[in-house]
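Geometric and topological summary
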Amino acid sequence: MPQICKFLGYLIFFWSRETGEPIHVHVCKGKPSKDATKIWIEDEPRLEHNKSKIPAKDLNKIMQWLSANKNLIIDKWNEHFEE
């Protein structure tokens, strides 16, 4: 489970076995779980679901961070899955 970073106390990560899906991240507090919020990283980050129930105020800040750091996320994804 590659961790990208912690932001506002939330863990931003992706699972190691997601090679068949487009680039995306999961976000949650505490340890990673299957119910973590899922966000696609495309032209602009897009929320797939908010199963971890991140409050809107925090989710908006996370989406802004993801947008500003999209290239970092894409680089980490490609680096991990090209190994």
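Now for a quick tour of the structure.

Definitions and limits used
- Residues numbered from 1 in each chain as written.
- Predicted model: local features only at pLDDT ≥ 70, side-chain atom pairs only at ≥ 80, totals over all residues.
- Heavy atoms only, no water.
- Pairing = 2+ DSSP bridges.
- Helix = DSSP H or I, 4+ residues; strand = E, 2+ residues; numbered from the N terminus.
- Axes fitted to C-alpha atoms, helices over the stretch in contact; angles between N-to-C directions.
- Contact = heavy atoms within 4.5 Å.
- Phe/Tyr/Trp six-rings, centres within 6.5 Å; stacked < 30°, edge-to-face > 60°.
- Buried < 20%, exposed > 50% of the residue type's maximum accessible area, 1.4 Å probe, protein only.
- Lys NZ or Arg CZ within 6 Å of the ring centre and 35° of its normal.

1. Concerning the sheet that holds strand β4 (residues 37-40)
If you walk across this open sheet you meet the five strands as β1-β2-β3-β4-β5, and the pairing is antiparallel. Strands at the two margins of the open sheet, each flanked by one partner only, are β1 (3-7) and β5 (46-49). Along the sheet, successive strands turn relative to each other by an average axial angle of 25°, direction set aside. Where strand β3 (residues 24-28) and β4 come together, four bridges link them in antiparallel fashion. From the neighbouring strand, H24 faces β4, where its bridge partner is W40.

2. Structural notes on the environment of V27
Structurally, the position occupied by V27 is in strand β3. With 21 residues separating them along the chain, V27 and K6 place their C-alpha atoms 9.2 Å apart. In this structure V27 touches Y10, L11, I12, F13, A36, T37, I39, S52, I54 and I62, once residues within four positions along its chain are discounted.

3. Some words on the packing of aromatic side chains
Within the structure shown, the criterion is met by five aromatic pairs. Note on F13 and W15: the rings are 5.1 Å apart at their centroids and 85° apart in plane angle, and the pair reads as edge-to-face. The exposure class assigned to F13 is buried, which follows from its relative accessible area of 0%. A residue is classified by how much of its surface remains accessible, and W15, at 29% relative accessible area, is partly exposed. Chaining the aromatic ring pairs together yields one cluster made of F14, W77 and F81. In this structure, K29 is placed above the aromatic ring of Y10, and the distance from its NZ or CZ to the ring centre is 4.7 Å.

Purely geometric numbers; function is a separate question.
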